[in-house]
Structures are given as C-alpha cells and as structure tokens.
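Inside the fold
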Amino acid sequence: MPELPDKREAFIDWYLAAVELAELTDKRYPVKGMNVWTPYGFLARRRLDRVMEEEIEATGSRPVEFPALIPETEFAKEKEHIKGFDAQVYWVTKGGATTLDVPLVLRPTSETAMYPIFALWVRSHQDLPLNVYQVVNTFRYETKTTRPFLRVREIHFFEEHTCQLDEERASERVASNLAAFAKMAARFQLPYLAIRRPDWDKFPGAFYSVALDIPVGGARTLQIGSIHHYRENFSRPYGIQYEDPTGRSKFVHQTTFGLSERLLGAIVAVHGDARGVAFPADIAPYQVVVIPVPSAKGGDPTPYAREIEKVLREGGLRVHLDDRADRPGAKYYYWESRGLPLRLEVGPREAEAKTVSAASRLGDKATIPRAGLLAGVRTALGAYDERLGAQARKAFAEAFALATSLEELKGSTTVRLFPWCGSPECGHRVEEAIDGALLGTLEGAPPIPLGAPGACIVCGRAESTVWSAAGRPL
Ligand SMILES: [Zn+2]
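Residues numbered from 1 in each chain as written. Predicted model: local features only at pLDDT ≥ 70, side-chain atom pairs only at ≥ 80, totals over all residues.

Ordered by their spatial adjacency, three strands build an open sheet running S4-S6-S5, and the pairing between neighbours is antiparallel. The two strands at the open ends of the sheet, each matched to only one other strand, are strand S4 (69–71) and strand S5 (90–95). For this sheet the average axis-to-axis angle between neighbouring strands, irrespective of direction, equals 45°. Note: S4 against strand S6 (residues 98–106), three bridges, orientation antiparallel. If you follow Pro 71 over to S6, its bridge partner there is Leu 104. (Pairing = 2+ DSSP bridges. Helix = DSSP H or I, 4+ residues; strand = E, 2+ residues; numbered from the N terminus. Axes fitted to C-alpha atoms, helices over the stretch in contact; angles between N-to-C directions.)

Okay, here's the thing in structure tokens:
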C-alpha cells in the first residue's frame, strides 16, 4: 500500500495524495483548475449539497437558478464589485462567428445576474424578506496554483441572496446564516472560526464580511465560507426598491451567504489521517460497506452478506456490498483510504452465529447481532461520528495560541489570537509580523478560553479593543 506524506510536516503533499488515493476527483481534464467529479466524489458532493439545502431551507430560503451568463452592462453597475473581480472573470464575446454587441461574463458569483431581476420581483414591503439560494457552478480565472476543491477555476458554489426591509433585518439575516452554518458544521463534525474581516479584506461591494475559517496546520488557515452584509450598496445601482406601508419608496438592504466545494476539501483536511480520507457519517458517499469474507473451510457467506445489505438499505442507510473477487484485506484498505465510516465483515462464522463483525474507520470493533442489525449499525455510526468530532475539536483547540507581543507573531506555528484596537495601521503591523493576514475580529465564542481583551498588541491602547486572529491563509 502506498505511504502518504506526513500530514503535519507536508500538509499540501499529504492533502493532494489523500484526495488522489480516495479518487474524489480526476484532475487530468485538459483545462487547468477544472476537474472532473468522479462517481465517488460526486456522491460526497451531493451529500454536502443536501445538508446545505436542508439547513438553509429550514430558515425560510427557497431554491432558484439563474443563468450562467451576465451582460457586461449589468456586471459593471456596482463599481467596487467589478474592480474586485476584474482580473478573475471569463468573457464570452462571440456567438458562433458573430461578435456579441454586449460581451457576457461567465458568472464568478451571481449578484449581478440576480439583482436586475430582484428589482422586478420586489415591489412592496409585503414582498420582503426575499430569501433565495442556488447551487451552481461559478467560474473564476484563478492565477495562483490550483488545488482540487481548495482553489479551482470552476467552482461548485452555494450562494444565498436576500433582500431585507432595513439594515437591522439584514444584520438579523447574517446572524440567522451563522446559526444555519453552525448546524451544518455540526453535521460535518467541523469546528470553525466565525470572523469579521477587516475592511481592507472584505468582499468587493460589501458593508462588512464575516468569514468562516478553519486552521489547517501551523499558522495556516482556510476560508470555507462567507456571509456578507451589503446595506444598500447593490440595491441602489440595481434599483431594488419597495414601497413601505406609508407609501414611501425605500431601497432594500441585502445579504449573501456563500459556501463551496472547499467544504469537501476542509473535511478531507480536518478528518483525514495517515491512512487517507475519513468522512463523517452524514457526508460519506456510503456509510457502511458489507464485505463477504470467504473461509478456507468453505461455505459461501455472500447470500448472508446480501441479506445484511438489504436490511440496511431498506432501513435508509447508504450501504454498499463489495463482492468483488479481491482479497478481503485489500478491500479493507481500499475503503479505509476512501474514508468509509463502517465496515461489516461477514464470514461463514458470522453467517452461522447470525451476527456481523463491525470495524469503524477509526479502528473501533464490535459484534452486532443480526436481530438488532439496524439499531446496532446506527449506534456504531453515532459513536464513530462522536469520536471523529472529538478528535477534530481537540486539534482545533490546539491550533490557537495567545500572542501578547508583535515579537511572538514572528515565525508563529499556530494561529494567533490577540487584542486589536481596530486601526488599519496596527492591523498592517500585525500582518507584517506574522507574514500573513489579519483574519479579523472574532464573532461569537472564542476557540480557546479568553478573558476580556486587554491593550492593543501594537499600540497599547486599552479602550475598545477586540479579540482578533492572524494566520497564513492557504
Ligand atoms: Zn492599536
């Protein structure tokens, strides 16, 4: 069996090898940064989509789908936005042999596709809030080194766009999105940091941006999602107005919430180990694999294995029967490296005793009686998820450390937390010291116990400082 690079010492090499070994994607497609979703990778992606759809719809959002092409005239309406994406967009300039009158942008994100239509949909205060989302592919001409799921040019993207009555309602939507993400992350067993980006790093056109970051070893971090408050920055240029109960015309306040296939990369990064990928049960393409284990003494366990598979499938689990001719040991390794949560070994002994031998991806073993099969398997999956989550939370807490001086940021081997006064001057000094980014100020509970923030780590000012984080984004 191939040896994976050390995850701690060489994270990116380990990551690339783990993704490759699990066959989640095929990167041999002849356009850089545009990869093929394999059957196994697609099943994982579909699970991620389902979780996102379920949790966002539970907050009153409804699905839509807008076209992939956006006229340049619409794209150019919000100045900051176009400036932010100028170097990253793909252009469609011809239809057949005809040069188009108005060039079209292949969506890098869908504000400028949706908002001219929102202006038609929103008429009165009774049309609000408008909460819609879509799951589509977006395109960004990424100039840095591309990596499967982490940095690609065709991105599988989840984007919610909302219109609210006023600034306060929009802030409430941001809070509602944060709560929805907390539920998704619990199902992914993924601890994360919600952090308000400094002004110089917010989304182009946003009033403010809250990013969802995870630590991925050393001082490195990965942004896995973001939530933005737009105020009236888009509704004014796009004319999204409503009539309030007194007949006055007002602009809506808008928010967006974006997640992408990076979540799959994050799950690989956080849960994977020396043997490869490890999927939480909710995301795993298959939760259970049933492997018939023939014995030299004879007796074919396959019919019993089929019976086991049928009971689990009819019980609503995602189960796969691996009855290929390979040796059982080779199959164990195959499914471990693919991160499958629970393996059931079924030999003549189990067939006779009416049991199955269960082994989790984390190495826990149990004998489950055929009579209580479904409940036994559900319990084993629950215990597996619990351990996977506990392991991830432990590593998460260890990824942060307090910094009390600029000196301590230099050559930092963890993500650093410290009090910051909020001034750009101090922020840039922090970025120079850590040779990375000031990620922003913490929203919600800190990842490690912290008291009240003291004096700014740079200028020493004591009033209105906030806990902040700095690291090196991947
Ligand atoms: Zn300061």
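Cis geometry is adopted by the peptide bond preceding Pro 129, which originates at Leu 128 and carries an omega value of -5°. If you trace the backbone, Pro 129 turns up in the loop between helix H5 (111–121) and strand S7 (130–139). In the Ramachandran plot, Phe 149 falls in the positive-phi region, its phi being about 70° despite a non-glycine side chain. Phi at Lys 354 is positive, roughly 55°, even though this residue is not glycine. Take Lys 354: it is sitting in the loop between helix H11 (348–353) and strand S18 (355–360). The exposure class assigned to Lys 354 is exposed, which follows from the 11 C-beta atoms found within 10 Å. (Buried ≥ 20, exposed ≤ 12 C-beta atoms within 10 Å, placed from the backbone.)

Mapped onto the secondary structure, Lys 79 falls in helix H4 (residues 79–85). The exposure class of Lys 79 is exposed, given the 12 C-beta atoms found within 10 Å. C-alpha of Lys 79 to C-alpha of Gly 205: the two residues are 126 residues apart in sequence and 7.7 Å apart in space.

A word on helix H6 (residues 167–188). For H6, spanning 22 residues, the distance from its first C-alpha to its last is 31 Å, which sits close to the expected 32 Å at 1.5 Å a residue. On the buried face of H6, the contacting elements are helix H2 (39–57), strand S8 (154–164), strand S10 (208–215), strand S11 (220–231), strand S14 (253–260) and helix H8 (262–271). Of the residues one or two after H6, Gln 189 is the one with positive phi, at around 55°. (Expected span 1.5 Å × (residues − 1). Contact = placed C-beta atoms within 7 Å.)

Moving on to the pairing of strand S9 (residues 193–196). Burial along S9 is two-sided: Leu 193 and Ile 195 and Ala 194 and Arg 196, pointing in opposite directions, are all buried. With four bridges joining them, S9 and S10 adopt antiparallel strand pairing. Paired with Leu 193 across the bridge in S10 is Asp 213. Judged from the two bridges that link them, S9 and strand S22 (residues 437–442) form a sheet pairing that is antiparallel. Within S22, the residue paired with Ile 195 across the bridge is Leu 442.

Time to look at the nonpolar core. Membership of the largest hydrophobic core comes to 104 residues, with the highest contact counts inside it found for Ile 267, Val 290, Val 346 and Val 430. Non-local contacts of Val 290, meaning those with residues more than four positions away in its chain, are made with Ala 305, Ile 308, Glu 309, Val 319, Leu 321, Leu 344 and Val 346. Counting residues in each nonpolar core, the second largest holds 19 residues, with Phe 203, Ala 206, Tyr 242 and Val 252 among its members. (Core = buried A, V, L, I, M, F, W, Y, C linked by C-beta atoms within 7 Å.)

Moving on to the packing of helix H9 (residues 302–314) against helix H12 (residues 373–398). In a packed pair of helices, the relevant descriptors are the angle between the two axes and the axis-to-axis distance. Where H9 contacts H12, the two axes come as close as 10 Å, and the packing angle between them is 70°. Considering their axes alone, H9 and H12 lie roughly perpendicular with respect to each other. The segment H9 lies against H12, with Ile 308, Val 311 and Leu 312 engaging Leu 373, Leu 374 and Val 377. Its residues assigned to classes, the contact of H9 with H12 comprises six nonpolar, no polar and no charged. (Parallel < 35°, antiparallel > 145°, perpendicular 65-115°, else oblique. Nonpolar A, V, L, I, M, F, W, Y, C, P; charged D, E, K, R; others polar.)

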